[in-house]
Amino acid sequence: MSPQPQAAVGAPLSRVEGRLKVTGKALYAAEHDVKGTTYAVIVDASIGRGRIASVDTRAALAHPGVLKVIHHGNAPKLPYRDNKESNNPPGHRLRVFQDDRVLFFGQPVAVVVATTLEAAQHGASLVKVHYEAAKPSTDLEKAKPDKPTPYARGDAEKGLASAAVRLDATYRLARNHHNAMELHATIARWDGGKLTVWDKTQWVLGTQTELSTVFGLKMDSVRVISPYVGGGFGSGLRCWPHVVVAAMAARETGRPVKLVLNRRQQYFNTGFRPAYDYRLKLGSDRRGRLTALAQEIDAETSSYETFTESVLFPGQMLYSTPNVSQAYSTVPLDVNTPIYMRGPGFATASFVIESAMDELADKLGIDPIELRRRNEPSQDESTNLPFSTRRLRECYTTGAREFGWDQRRAKPRSRREGDWLIGMGMAAGVYDTARMPAQAHVRLNDDGTAVVDAAASDMGPGTYTSQTQVAADALGLTMRTVTFRLGDSLFPPTPPHGGSMTMASVGSAVLDGCNQVRRQAIKLAVEDRQSPLHGANTEDVVVQGGRLHVDGDPARGETYQSLLSRNQRSHLEARGSFAGPAAKQRHSFYAYNATFAEVAVDATLGLVRVRRMLAVYDAGRIISPKLADSQAIGGMVGGIGQALLEHTVTDHRDGRIVNANLADYLVPVNADVPSLKAIYLDGDDPEADPLGVKGLAELVMIGVAPALANAVFNATGRRIRELPITAEALL
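Cut-offs and rules
- Residues numbered from 1 in each chain as written.
- Predicted model: local features only at pLDDT ≥ 70, side-chain atom pairs only at ≥ 80, totals over all residues.
- Heavy atoms only, no water.
- Pairing = 2+ DSSP bridges.
- Helix = DSSP H or I, 4+ residues; strand = E, 2+ residues; numbered from the N terminus.
- Axes fitted to C-alpha atoms, helices over the stretch in contact; angles between N-to-C directions.
- Phe/Tyr/Trp six-rings, centres within 6.5 Å; stacked < 30°, edge-to-face > 60°.
- Buried < 20%, exposed > 50% of the residue type's maximum accessible area, 1.4 Å probe, protein only.
- Lys NZ or Arg CZ within 6 Å of the ring centre and 35° of its normal.
- Parallel < 35°, antiparallel > 145°, perpendicular 65-115°, else oblique.
- Left-handed = near helix turned anticlockwise from the far one by under 90°.
- Contact = heavy atoms within 4.5 Å.
- Core = buried A, V, L, I, M, F, W, Y, C linked by side-chain atoms within 4.5 Å.
- Salt bridge = Lys/Arg side-chain N within 4 Å of Asp/Glu carboxyl O.

Draft legend 1. Representation of the sheet that holds strand β22 (residues 547-550) within the structure. Read from one edge of the open sheet, three strands run β21-β22-β23, paired in antiparallel fashion. Edge positions in the sheet fall to β21 (541-544) and β23 (553-559), since each has one partner strand and no second. Between one strand and the next, the sheet's axes are offset by a mean angle of 35°, whatever the strand orientation. In this structure, β21 lies alongside β22, joined through four bridges in antiparallel fashion. By the bridge assignment, Val543 is partnered in β22 with Leu548.

Draft legend 2. Structural detail: the packing of aromatic side chains. Tallied over the entire structure, the rule returns 14 aromatic pairs. With a centroid separation of 5.4 Å and 45° between ring planes, the pair formed by Phe105 and Phe268 is classed as tilted. Here Phe105 is found in the loop between β4 (101-102) and β5 (108-114), whereas its partner Phe268 is found in helix α7 (residues 266-269), with 163 residues between them in sequence. Taken individually, Phe105 and Phe268 each receive the classification buried, so the pair is uniform in this respect. Judged by centre distance (5.6 Å) and plane angle (75°), the ring pair of Trp405 and Phe596 falls under edge-to-face. Of this pair, Trp405 sits in the loop between α11 (392-403) and β16 (416-417) while Phe596 sits in strand β25 (residues 590-602), placing them 191 residues apart in sequence. Take Trp405 and Phe596: they sit in the same class, and that class is buried. A network of ring pairs unites the aromatic residues Tyr28, Tyr228 and Tyr464 as a single cluster. Over the ring of Phe589 we find Arg435, and its NZ or CZ is 4.3 Å from the ring centre. Positioned over the ring face of Phe713 is Arg719, at 3.6 Å from the centre of the ring.

Draft legend 3. Spatial organisation of the packing of helix α9 (residues 346-364) against helix α16 (residues 704-716). Two elements in contact, α9 and α16, have axes separated by 8 Å at closest approach and are oriented at 30°. What the angle tells us is that α9 and α16 run roughly parallel. As for how α9 packs across α16, the hand of that crossing is right-handed. Side by side, α9 and α16 meet where Ser350, Phe351, Glu354, Ser355, Asp358 and Asp362 of the first sit next to Ala705, Pro706, Ala709, Asn710 and Phe713 of the second.

Draft legend 4. Focus on the nonpolar core. Core analysis: the biggest nonpolar cluster contains 94 residues, and Leu282, Phe596, Met613, Tyr617 and Leu708 have the highest contact counts within it. Contact partners of Tyr617, with chain neighbours within four places excluded, come to Cys395, Tyr592, Asn593, Ala632, Met636, Ala678, Ile679, Tyr680, Leu681, Leu696, Leu699 and Val700.

Draft legend 5. A look at the pattern of salt bridges. The tally for this structure, following the rule as stated, stands at 36 salt bridges. With its nearest N and O atoms 2.9 Å apart, the salt bridge here joins Arg374 to Glu370. Taken together, the residues Arg374 and Glu370, both in helix α10 (residues 368-374) and four residues apart, mark about one turn of the helix. Residue class for Arg374 comes out partly exposed when judged on its relative accessible area of 29%. Relative accessible area serves as the criterion here: at 31%, Glu370 is assigned to the partly exposed category. Its salt-bridge partner being Arg415, residue Glu598 comes within 3.2 Å of it at the nearest N-O pair. Of this pair, Glu598 sits in strand β25 while Arg415 is found in the loop between α11 and β16, placing the two residues 183 residues apart along the sequence. The buried category is assigned to Glu598, whose relative accessible area is 5%. Since its relative accessible area comes to 22%, Arg415 is described here as partly exposed. Several salt bridges share partner residues, and in doing so they unite Arg415, Glu417, Glu598, Arg611 and Arg612 into one network.

In C-alpha cells:
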C-alpha cells in the first residue's frame, strides 16, 4: 500500500483557534448568551465540621432582585439514581443540600438566585447560617490512615539489611491547587424534562453521566457543552457540586441559571493535588546497584470519598530493584475531595525517588547520571513485560551534552558568583502511556471540505489543532479545509481530557474515521468508469491537496469535488473508533524524560532563583512540535511552582484555607521563568496506538521538582525533603 502523504503532522503549525482566542470570540463556559439567564452565588460553610442548626433567608429574600434561596431545608430531594456509567460511585459523592451535615470548610450550604449578579452576591451575604460546630480533622500528620494498599516483590527487609549503603528519609509534599485562568462556571437550562449545561469541564461525558445520575434522568436527556476550557490541569476531570447546584437552581426557578465560582471558592469546591507524607528506604551495594526499596505513603483524602492516584508505579518499574515493598494509605480528613493534578501520582513519587537517587549518588561518590545508568532495567520488573520503547539512556546522553553537564562540580558549594551559590541538578521522569476507547465522526462534503466531530475537550494543549492535523493528512486535505469540532456530549464519546491520553485515544479514532472515508472515495473512483482512476489498484491511490491520484503518476487523478458531484453524492461519512489497549498487554508502556536544572541560591538570604532548564523527552511521535514546546514550557513552569512556591496553608482549628487567593498562594510569574528548552527524541511507538504517540502533557512536569531540589543541594549542600523549598529551609 502506498503511504498517505504527510504534510500537516509533524509541522510546527499555529493553533487553528488562536485568532478566536486572542480576539475574544472563543466562548468559555460563563460567556454563552442564554436568553433569560439569572445568576447564582453559593453560600459557603464557615465551619469545618458539624451540622446546620438554622438558615435565616428573610433578609436575602427581601433584597430586590433575589428570586430564591435554596438550602437543605427547602431543596428538592434528588434521586441520585444508580448509574453504572457515573464517574463517582453512588452513595459516596457530596449530596448537596440533601441534609444538614457540614463535611468541610467552604462546603455549599445555600445558593442565592437573582436577576443580576450583584443582587445575588449581596443576597448571599445576607443569608445567616447558624451551626453546631465540631472540631475538624484536617492535619495529615495527626489523623489515622486507612488500611494500606500493599505491593511487594522479593524481600525488601532482607535487601535493606544486606545493603552496603542505606537511606532512610521522610519527605513531605504540600497540597497544591490548580488555579487555572478560567474560573469554574456553569450555565444550566431546563427545557421540560431535558437539561442543557454549558460547563467548564475536561470530560463532557463524565458531567453528563453525573447529572443524569443525580437527577434521575436518561443520558440523552442531558446535554453538556464545553467548546473551550481556559486551563484545567485536572481540576475539570469530574463534575463538582456547583454544577449540580446550578442545575438544581435552574429547575427550581424555572429560569436558566449562571453560576461562577470566585477564586477563593476554587480552593474549597473543586479538587487539588493531595498533601503527602512519604517515607522511603533505599539500599544499594558499593557500586550503586540497588538492592531494595521500601515506601510508606500517606495521602490526604476526604471523609466522604476515597481518592487515590498512581503514586506507586515509578517505584515499581523505573529502576532495576529486586526487592520492593510499598504501602499506600489514604488518610480521611474533613476536607473536600482531591483530584488529579498535572503529572498525578508520578510527579509526587518522582520528587521522592529522584531526590533519594541523588543523595545515594552523593554518598557513593558516583555521578547522578551514571548511578541511574547502572540501575537501568532490561524489562518492567513489576510485570515482567518488555518495554514498548524505553530510551531513557538516550535522554541522559542528549541532555547532558546539550546542558553542559560536564561543567557541573560534584562537590556542593564549590561554585559561587558573588553572593550567589550556583548548582546543577538532574532527574529522570516517567509517565504511564494511557489510552482509552474513543470514537469520532467524519464527514467529507462534496465541496471538498471535511468536518470531524468528537466529544473531546481542549483545556489548552491544542486539541483543535492536533486533531485537524491528523484528519487533514489522513483525508489528503489542507488544514484550512478541515473543521474539527469538540466539547459537546452529542458528539461521539471520548475519554476524559487528562492523563495524556487525548492524542493517543481521540487521535487514533480520528485517524480511523478519516482512513475509512478516504478509502470510500478511492473505491468509488476506481469503480467509476468515468473516473481517470477507473481500474486502478486501490492500494496505489493516494490523496493530496484534496485530489486523488495514482502514487507516482500525479496526472492520473481527480478531486473529491468532481468525484462526488459526478456520482451525485453530497458527502461521504464514517464513524472512526479506537478500542483502547488490548485486554492482555504484551508490552509495558511508558514515556520518559531527563530534566536538567541550574539554580542560584543567595548565600545570605536563602532565596532560590532558577537560571535555566532543559528536558529531553522520549514521548513517541510528536504530532505538533509547536504545541509540544508549549506543553513542555508549561510543564516546567508548573514544576517550578511545585518546587519553590505552591503551598496550600490550612488553619487546623476550623479547616479554613488561609491563602485561598493568588496574592498568598504563589504561582510562578514571568520573572520566575528563565531559559527553558525542550528536546524530543525522534521516533514513535507503534505498539501503543496507530499514531505511535505516547502523550506529553503529564510527563513534562514530572522530574522538574527533584531536578531543582538536586540543583539546590549541589549549590548549598543542604538536602531538601519538603516541598516547596523555602528560604527558611536553606538558612
